[in-house]
Structures are given as structure tokens and as C-alpha cells.
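# Geometric and topological summary
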Amino acid sequence: MTPPRGSRGFRALGSHPGVHVTQRVLLAVVGGYLLTEAVVSLLAAMLAAVGMVRSEAVVLSMMLGFVIYLLLLLWAFAERRLLRLWIVFGGATALAMGAVRLVQAALSAGG
Amino acid sequence: MKETFRLSMLWLHTWAGVVIGSLLFIIFWMGTLSVFNHDIDRWMMPDTRIQPPETFSYDAFAEEVGDLLPEGIQEWGLITPRDRVPMAFLYHRDSTGTFGQRITLDLAQNTPIPDQGTHAGTGFIFPFHFSLHIGWKGIGYWIVGAAAMAMMLLLVTGVIIHARILKDFFTFRPGKKLPRSTLDLHNLSGVLVLPFHFMIALSGVILFMNIYFPQAADLAYGEEEVPRTAFFDEAYSSYTRPATGEPLEEPFSIDAMVATATAAWDGIPPYYVRVINPGDANSYVYVRRSYQDHVLFDRDIFFFDAGTGEVLHHFVTEPIMTAQHFLVGFHIIQFDHWGLRWLYFLAGLAGCILIGTGFIYWLEKRRKKHEELGLKGLRIVETLTIGSVTGIIAATVVFFVINRILPLGFELAGIERAILEIIVFYVFWIGTFAHAWARRGRAWSDQLWVTAVLSVAAVVLNALTTGDHMIQTAIDGQWNVFGMDALLLITAVLCVVIARRLDRKAKAVPAEETAVPAKAPPARVAARPLADLTEGDGAPPTGDGAPAAPIEFPTTAQQPNDT
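Worth saying up front: this structure is predicted, and the values here are computed from it rather than measured. (Residues numbered from 1 in each chain as written. Chains lettered and ligands numbered in written order. Predicted model: local features only at pLDDT ≥ 70, side-chain atom pairs only at ≥ 80, totals over all residues.)

### Considerations on the overall build of chain A
- Broken down by element type, chain A carries four helices and zero strands.
- Shown N-terminal to C-terminal, the secondary structure of chain A runs as helices and strands in the order α-α-α-α.
- The 111 residues of chain A split such that 39% are buried.
- For chain A, restricting intrachain contacts to residue pairs at least 6 apart in sequence, the fraction spanning at least 24 positions comes to 75%. (Helix = DSSP H or I, 4+ residues; strand = E, 2+ residues; numbered from the N terminus. Buried ≥ 20, exposed ≤ 12 C-beta atoms within 10 Å, placed from the backbone. Contact = placed C-beta atoms within 7 Å.)

### So, the overall build of chain B
- Scanning chain B for helices and strands turns up 21 helices and ten strands.
- Going through the 563 residues of chain B one by one, you find that 39% of them count as buried.
- In chain B, the share of contacts with a sequence separation of at least 24, taken over all contacts with a separation of at least 6, comes to 66%.

### Some points on the interface of chain A and chain B
- Counting residues at the interface gives 33 residues for chain A, matched by 30 residues for chain B.
- Among the elements that make up the side of chain A that touches chain B, the one with the highest residue count is helix 3 (residues 54-78) of chain A (18 residues).
- Looking at the side of chain A that touches chain B, its residues break down into 22 nonpolar, six polar and five charged. (Nonpolar A, V, L, I, M, F, W, Y, C, P; charged D, E, K, R; others polar.)

### Topic: the nonpolar core
- Core analysis: the largest hydrophobic core is formed by 129 residues, its most contacted members being A44 and L73 of chain A together with L153 and V398 of chain B.
- In terms of residues, this core owes the most to one element, helix 3 of chain A, which gives 14 residues.
- Those residues in contact with L73 of chain A, other than ones at most four positions away along the chain, are A28 and G32 of chain A together with M149 and L153 of chain B.
- With 25 residues, the next largest nonpolar core counts F61, A261, Y284 and F303 of chain B among its residues. (Core = buried A, V, L, I, M, F, W, Y, C linked by C-beta atoms within 7 Å.)

### Notes on the packing of helix 8 (residues 194-207) of chain B against helix 13 (residues 319-332) of chain B
Residue and element names in this part refer to chain B.
- Direction vectors running N to C along helix 8 and helix 13 enclose 120°, while the axes themselves pass 9 Å from each other. Comparing their axes, helix 13 and helix 8 come out oblique. The way helix 8 lies across helix 13 gives a crossing that is left-handed. Every residue of helix 13 that contacts helix 8 at M199, I200, S203, G204, I206 and L207 is listed here: Q324, L327, V328, F330 and H331.
- Classifying every residue of the contact of helix 8 with helix 13 by side-chain character gives seven nonpolar, four polar and no charged. (Axes fitted to C-alpha atoms, helices over the stretch in contact; angles between N-to-C directions. Parallel < 35°, antiparallel > 145°, perpendicular 65-115°, else oblique. Left-handed = near helix turned anticlockwise from the far one by under 90°.)

### Remarks on the environment of G145 of chain B
Residue and element names in this part refer to chain B.
- With respect to the helices and strands, G145 occurs in helix 5 (residues 139-160).
- For the pair formed by G145 and S238, sequence separation is 93 residues and the distance between their alpha carbons is 28 Å.
- Excluding its chain neighbours within four sequence positions, the residues that come into contact with G145 are V205, F208 and Y212.

### A closer look at the packing of helix 3 of chain A against helix 5 of chain B
- Two numbers describe how helix 3 of chain A lies on helix 5 of chain B: the axes approach to 10 Å, and their chain directions differ by 60°. One finds that helix 3 of chain A runs oblique with respect to helix 5 of chain B. Along this stretch, helix 3 of chain A crosses helix 5 of chain B, giving a crossing that reads as right-handed. Two secondary-structure elements touch here, helix 3 of chain A through Y69, L70, L73 and L74 of chain A and helix 5 of chain B through M149, M152, L153 and V156 of chain B.
- When the residues that make up the contact of helix 3 of chain A with helix 5 of chain B are grouped by side-chain class, the tally is eight nonpolar, no polar and no charged.

### Digging into unusual backbone geometry
All names here are of chain B.
- The phi dihedral of L132 is positive, around 55°, even though this residue is not glycine.
- Classification of L132 as partly exposed rests on a count of 18 C-beta atoms within 10 Å.
- One non-glycine residue with positive phi stands out, namely N277, at about 50°.
- With respect to the helices and strands, the residue N277 is situated in the loop between strand 5 (270-276) and strand 6 (284-289).
- Among the residues examined, N277 registers 21 C-beta atoms within 10 Å and is labelled buried.

### Some remarks on the environment of M209 of chain B
- Following the sequence through the fold, M209 of chain B ends up in helix 9 (residues 209-212).
- With 274 residues separating them in the primary sequence, M209 of chain B and G483 of chain B have C-alpha atoms 34 Å apart.

### Describing the sheet that holds strand 6 of chain B
- One open sheet accounts for eight strands, arranged 4-3-2-1-5-6-7-8 (chain B); its pairing is antiparallel. Strands with a single pairing partner mark the edges of an open sheet, and in this sheet they are strand 4 (111-112) and strand 8 (311-315) of chain B. (Pairing = 2+ DSSP bridges.)

### A word on the environment of L33 of chain B
Residues and elements named next belong to chain B.
- Mapped onto the elements, L33 comes out in helix 1 (residues 5-34).
- Owing to 22 C-beta atoms within 10 Å, L33 belongs among the buried residues under this scheme.
- Sequence separation of L33 and D218 is 185 residues, and the distance between their C-alpha atoms is 37 Å.
- With sequence-adjacent residues up to four places away left out, L33 is seen in contact with I40, G121, I125 and T396.

### Some points on helix 14 (residues 338-373) of chain B
Residues and elements named next belong to chain B.
- Relative to the 52 Å expected for 36 residues at 1.5 Å per residue, helix 14 spans 52 Å between its end C-alpha atoms, a close match to the ideal helical length.
- In helix 14, a bend of some 50° at R367 exceeds every other bend along the element.
- G374 sits one or two residues past helix 14 and shows a positive phi near 70°. (Expected span 1.5 Å × (residues − 1). Bend = angle between axes of the 7 residues up to and from the residue.)

### What about the confidence of the model for chain A?
Residues and elements named next belong to chain A.
- Looking at chain A, the pLDDT average stands at 83 and 84% of residues meet or exceed 70.
- Here helix 1 (residues 11-14) stands out as the element of chain A with the lowest mean pLDDT, 47, in contrast to helix 3, whose mean of 94 is the highest.
- Under a pLDDT of 50 for its full length, residues 1-14 has, in the predicted model, 19 contacts with residues more than four places off or in other chains. (pLDDT = per-residue confidence, 0-100.)

### Description of the confidence of the model for chain B
All names here are of chain B.
- Within chain B, residue pLDDT values average 85, and 89% of them lie at 70 or more.
- Note on residues 512-563: pLDDT under 50 across the span, and 47 contacts to partners over four residues away in sequence or across chains.
- Complex prediction metrics read pTM 0.85 and ipTM 0.85.

### Some points on the pairing of strand 1 (residues 75-79) of chain B
Residue and element names in this part refer to chain B.
- For strand 1 and strand 2 (residues 88-93), the ladder comprises five bridges, and the chain directions are antiparallel. When the sheet's bridge partners are listed, W76 is paired in strand 2 with H92.
- By the bridge criterion, five bridges tie strand 1 to strand 5 in an arrangement that is antiparallel. Each bridged residue has a counterpart across the sheet, and for W76 the counterpart in strand 5 is V275.

### Observations regarding the pairing of strand 8 of chain B
Residue and element names in this part refer to chain B.
- Note that strand 7 (residues 301-305) and strand 8 share four bridges and pair antiparallel. Within strand 8, the residue paired with F304 across the bridge is V311.
- The antiparallel hairpin formed by strand 7 and strand 8 contains five residues in its connecting segment, where G309 sits at a positive phi of about 75°.

Okay, here's the thing in C-alpha cells:
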């Protein structure tokens, strides 16, 4: 049986089962939530920007947020390579939260 | 994270289940009881077993309402009796704008109902379900939300790891050995009620979406000064009109306003009527539609001018928000439909069985191996499982029993009755964990026996303290009290049946264990007919002599307790 590919670079961190599982659970639960939260805000703003009633855009995004979070959780435990999880959750969350800040800055500058 | 997708999902299903299962069971149990929260209220609050009035006039009520309330109030509001709630609730905001003490009214007698000294179903069991009574920073809501996400995760992974869904609709082998029959029951309850369980978890988090995604409106409402307030005002209606300070010359008939609204709602009456700034020239009346006739948890509100009766504003939710309110209504079943209500109850119980059997399967599959390896984890999981399954059931019944023992107005060391009931609940519940730790597997049957005795005691105490025994309530048509008593008796019977079965099994186990040192293969041969024998209801031993003897062996109390 070969060790999971991709975990090579994280061997020190990822090889011990307890450490590995802790990382994965934290990435899934906390990382997944932060990503979902940012996506919900962005989606609401985008839907409102393309003409949906503002309150409706927010409610729809919130409701979809739970489904998005569920899918992220499932994927976080299905993906074998921990490194990829770090890249996607870390990267996507950073990107989404950065985008949230940018839009906020643009709005406060415009308003 | 494992070699294959299915193995990953199996790992996730197992460990999410073991870690979150206790919490999920507690939430499911309290949620299942909350289906009948108002009926539990009637049982625990005997003075509310009343009849609502045949007719009711808001105008007559408005004239006298001042006697019940302090001076200078900013608003009063009345929730009128519903199908399962025969009393009315009077709310008010005092001159500073804060909500005052709610008053419960018997509208037929036109008198306030004294405090019933209990939080009962609506004040204790129902909030337990969604907040665990952990108020600090709303953390209880987050724990329950996480559990709901875990429930959805468990259902999805359960389907993935499980290839033979259709077959399991029809598979239950109670006669098989414990892990197998438990797994059958786990699969059966999981598959059969799967859509309900998924939707109840999803609608549960959607119900509190504003708690879980508090920042959702920050960008879409980014140009507003306070985005979240602006969102709430638009999404949930916030019609207001400030008071002028001038007196209102002649108030318009509230009954006429209600009639206008009722006509617009095809004859459905209001659920909540509020008079804001009563007596002021700018006073207005809020009339909200009842949701008794459909699943949708309505937010359909008319605002009338209190002086002219003209409609100032009519609020209805936008389509997507209406869909959200439908999901809320689906979750909290405030509509009147007894058939569906019982189905909800049974589906909730199926959820409890699903979670409980998942635990038992995990325990039974590992017991031998863990004991050989000397691992401690099993005992912890076992204790948590027993305390959160039979423990909370027993503690709930204790909550009912203590309610019928403590007289109204009872106090102990300055603690009022309503709090005492809750203290007794928690102390007993914690005790069940200690008991489970000490007695290990035997605690299942012990706690079931205790629950059975307590359930019968609750029914007897209700009859003794209120006179409403089951024949009386059947004659009077007090079906909520009758139903509560009936369910308690059914609980007692079920507990006895299961406990007896467990006891029989426990008697067989030492025999199995004495056979173990004699080498594995013969032990298996001996164990099989034994297990099958103990499954049958009082069936005589039909084994071939050898296994029959150990069955008679542990008739005395000499067997070790820590099996």
C-alpha cells in the first residue's frame, strides 16, 4: 500500500494519524465555514447587482450556503491529498474574503 | 482520505456518528417531544385545561385591557386561542419600550390564569431542542447547527456507503445476533425516513439562517449605513408610525379591521393583533394572519389606522422569503393537522432509533476486540450513549413526575418551582451517566426499568393531583391530556418489553464468556443457538442439551455486574 500522494511535503505534519485527522477536521469545519460565509456574501451581492430584489438575493444565498457548506464538508473528507485541501480551502477562502473586502471598499468609496 | 471514496465516507460516517451521536440523539429526542409541546403544557399546567370562548370581541377586550396593564404603555398585543392552546396571551411594551411580563388569560372567564410554576413543553423542552439552554453568546444555537450539518453529512455518507438501499426497505432480521439485527434496524429507520430526516435537518438550519450567516447582507446592502438592519426591515417588514402626542378622538372598531383582514384571507382569522401607541392620534393596529390552515409559517400582516380603520400597509413576504417561511413552517408544524403531527412524532422517534442503533452497532462490533486490547474508549462511548439515550428519556419522565409532586407555589431555599423542576431534571440526568459508568452494559436495562416505573407513576400522579384520569379525560374530550397519559403508558410497556429482552440476553452472555477460554471455535458453536434462543419470546430451549444448561445457570444474582 502506498502512502497517499501529495502528503509528501506535509509528511512531518500529516503523517501522524492524530495530527492528520485534526488538520482535516479543522480545515473542513472551520475552513469550510469561512469559505461558505464569504461565498454567501458575494453571491448575495452578485445576485442583487444583476437585478434580483436585494432581500431575496440575501435569503437565497443564505439558504444555498448550507448546501455549499455540506458539499465542502463532504469533499474535505473525500479528498485524499491533504496538501490539495490546504491549497483549495486556504486559497479559495483567502480569495473570497479578499473579494469581500474589495467590494466593501469599493462600496464605501462609491457611497 | 482513505484509499477509496467509499472507505472515506465510511470513516466519516462512523466517526462523525460516534462524536456527534449523543448530541444528535438529545436534539432529536427533544425535537420529537416538541411536536407535542402544547399538549405537554396542558398536562403540566392543569389550570390551563380550559375551554376557549365561543365568541370573542376585540373591541370589548380593548376597553378592559387597561385594567390588566400599567399606565402609559407603548403597545399591547393579544395572541388568541388556537386549536391546541385554549388560553390567550397578552403582551405589552411599557412606557420605556421594553416588553413587560406576559399575561396568560382565560378568555371564557375573562380572568388571568395564575403562573403555573413550570417551563413545561414550550418553555423547557422546545428551547432545549434548538439551543440546549446554553445562552452564553448564543453558543447553543451554534452547537445545534453543527449537529444539524453533521446529521445531513451522516445521511449523505450513510447512503454512499450503503449500496442496497431498495432491499433495505424490507429487511429487518430481529432474530439475528445483536450487531446484525441492530444494523438492519439502523438501515431500515435510516432509509425509510431518509427524506424527512434530511429535510428536517436542512430546514432546521435554514430556520436560523440569520444566526448562522450574520454577515450575509453586508455586501448586498453595502451602501446602507447599517446593512443588517436595512435587510431585516425589507425582508421582515417594519412598518412603523411615530406617536404624535395628540390624543385619538374616536377609535375605529378593531373587530371591523379584523373582519376586513379575515375576508382578505378567505376566512382565516388573525393569530396576533397588536395596538401600537394606543390612544394616540397616530395609533395603528397590526393584524397578522394565522398559519393554522397551511404549512407556510405566514408573515402576512395588515396595518390599519386606529382612528379611520383604513389600511396603511399590507405586508407579504417576497417569493424566496416565502419559500424560506414554508421550510420554517415545515419544521415547526404550527398548523393544525393531527394526522401529520403523529407522523412527525413517529418520524422523530425513527430518528432516535436510527441514532441509538448506530451507537449500539458501533459498540457491539468493537466490544470484544477493545476488551482484548484493553482500550478505554469503548467504556466512554458506552457511558455517553447510555446517558444520552435511556438517560435523557428517564430524566424527561422525571421532569414530568416532579411537576406532579411539587405543589404550585412551592419553593426550596428561595428557588422557585419552575427552576426546581429543571434542577431535578439535570441532576437526575447527570446521575444516569454516573450510573452508566458504574454499571456498564447493564445500565441499559436498569434505566429502562426506572423509566417504566416513573412513567406509570406520572400517570397515577396526574390522576391523583388533578382528578383527570384517563376515563375522565376521554369523557371530557381532553385529548391532549389523555394522549400524554397514553404515551406515558406506552413508554412504560415498551421499556418493560425491551428491558426484559436485554435481561434475558445479559443472562446468556456470561455463559458465552465462560465458553471463551475453552478455545474460539467451540465457543462460537455454543454461542449461536444461545443467541437465537434468547431472541424468541419465551420460547422453550430447543438446543441440543449443551447450550440449554447455561441458560438456567445465572438465575441468581451472582453473576458479575461489569459484563
